[in-house]
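Given next are the chains, with one letter for each unit.
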Amino acid sequence: MEEEAETEEQQRFSYQQRLKAAVHYTVGCLCEEVALDKEMQFSKQTIAAISELTFRQCENFAKDLEMFARHAKRTTINTEDVKLLARRSNSLLKYITDKSEEIAQINLERKAQKKKKSEDGSKNSRQPAEAGVVESEN
Amino acid sequence: MEGAGAGSGFRKELVSRLLHLHFKDDKTKVSGDALQLMVELLKVFVVAVRGVRQAQAEDALRVDVDQLEKVLPQLLLDF
């Protein structure tokens, strides 16, 4: 019994480690981009520190987001919850709000494209479908 | 991939897993839009650290951990 609990702990721990490694990689990429842009260098320690920070901050983010959604009696976290996360700094909030509108816009355009495609595609297949409906009504 | 933002950033799947790791309720889910916003937020978080660093390290060519420690409290307050 104890062994089982231990393995579960270990599994969770190594899962966390893998996630941390992935975060570390992404942070490294971002920092490198920034470094190229600003002609600066980041020491490995700094990247590790930022990456650890980011990982820990995610825990706070996750718990807050969950609570916001629950407060609104929802189980799915939406963009409003994320915006609440960014409330503490005005410039951050503005940036995130702008991004959120950008994302919404992109998604709208994508949906419009998809709809157009499926309308063009299903003109051929619509007739059989209607026939099927007629049959089921009988 | 889809070119939504400039250059690299957090993958949506990674962000989703990171968040789910800390959810207390199994039923909690994240909408696609919210996930994308989180990617942006995390990018800002990482970039903000180096941005504040740069303000302090005009002369230095390398960003060091000591300088990071100095700005940490302020940064965390912002979040």
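Cut-offs and rules
Residues numbered from 1 in each chain as written. Chains lettered and ligands numbered in written order. Predicted model: local features only at pLDDT ≥ 70, side-chain atom pairs only at ≥ 80, totals over all residues. Heavy atoms only, no water. Helix = DSSP H or I, 4+ residues; strand = E, 2+ residues; numbered from the N terminus. Buried < 20%, exposed > 50% of the residue type's maximum accessible area, 1.4 Å probe, protein only. Domains from an automatic or database assignment. Buried area = accessible area lost by both parts, 1.4 Å probe. Salt bridge = Lys/Arg side-chain N within 4 Å of Asp/Glu carboxyl O. Nonpolar A, V, L, I, M, F, W, Y, C, P; charged D, E, K, R; others polar. Contact = heavy atoms within 4.5 Å. Polar contact = N/O pair within 3.5 Å; in protein donor to acceptor, adjacent residues only side chain to side chain.

**Details of unusual backbone geometry**
All names here are of chain A.
Item 1. Positioned with a positive phi, Lys-73 is a non-glycine residue whose angle comes to about 60°.
Item 2. Positionally, Lys-73 belongs in the loop between helix H2 (44–71) and strand E2 (76–77).
Item 3. The class of Lys-73 is exposed, set by a relative accessible area of 76%.

**Points about the domain arrangement of chain A**
One frequently used descriptor of interface size is the decrease in accessible area upon assembly of the parts.
Residues and elements named next belong to chain A.
Item 1. According to the domain assignment, chain A contains domain 1 (1–74) and domain 2 (78–113).
Item 2. Put simply, the middle of domain 1 and the middle of domain 2, counted by C-alpha atoms, are 22 Å apart.
Item 3. At the boundary of domain 1 with domain 2, total buried surface from both sides reaches about 530 Å², with 68% on carbon and sulfur atoms.
Item 4. Three residues, Leu-65, Phe-68 and Arg-74, lead the burial of domain 1 against domain 2; their summed loss comes to 80% of the area buried on that side.
Item 5. In this assembly, domain 1 and domain 2 are joined by one salt bridge.
Item 6. The partner of Asp-81 in a salt bridge is Arg-74, with the nearest N and O atoms 2.9 Å apart.
Item 7. Here the residues of the side of domain 1 that touches domain 2 sort into four nonpolar, no polar and two charged.

**Side note on the interface of chain B and chain A**
Item 1. At the interface, 47 residues of chain B touch 53 residues of chain A.
Item 2. Of the roughly 5,100 Å² buried where chain B meets chain A, counting both sides, 71% is carbon and sulfur surface.
Item 3. Its largest share of buried area at the contact with chain A, chain B owes to B:Leu21, B:His22 and B:Leu37, together 14% of the area lost on that side.
Item 4. Applying the counting criterion to the chain B and chain A interface returns two salt bridges.
Item 5. One salt bridge in this structure joins B:Asp25 and A:Arg70, with 3.2 Å as the shortest N-O distance.
Item 6. The tally of links between chain B and chain A comes to eight residue pairs in polar contact (both at pLDDT 80 or more).
Item 7. Contributing elements (two or more residues each) for the side of chain B that touches chain A: helix H1 (12–22), strand E1 (29–30), helix H2 (32–56), strand E2 (62–63) and helix H3 (65–78) of chain B.
Item 8. When residues of the side of chain B that touches chain A are assigned to their parent elements, the largest contribution, 16 residues, is made by H2(B).

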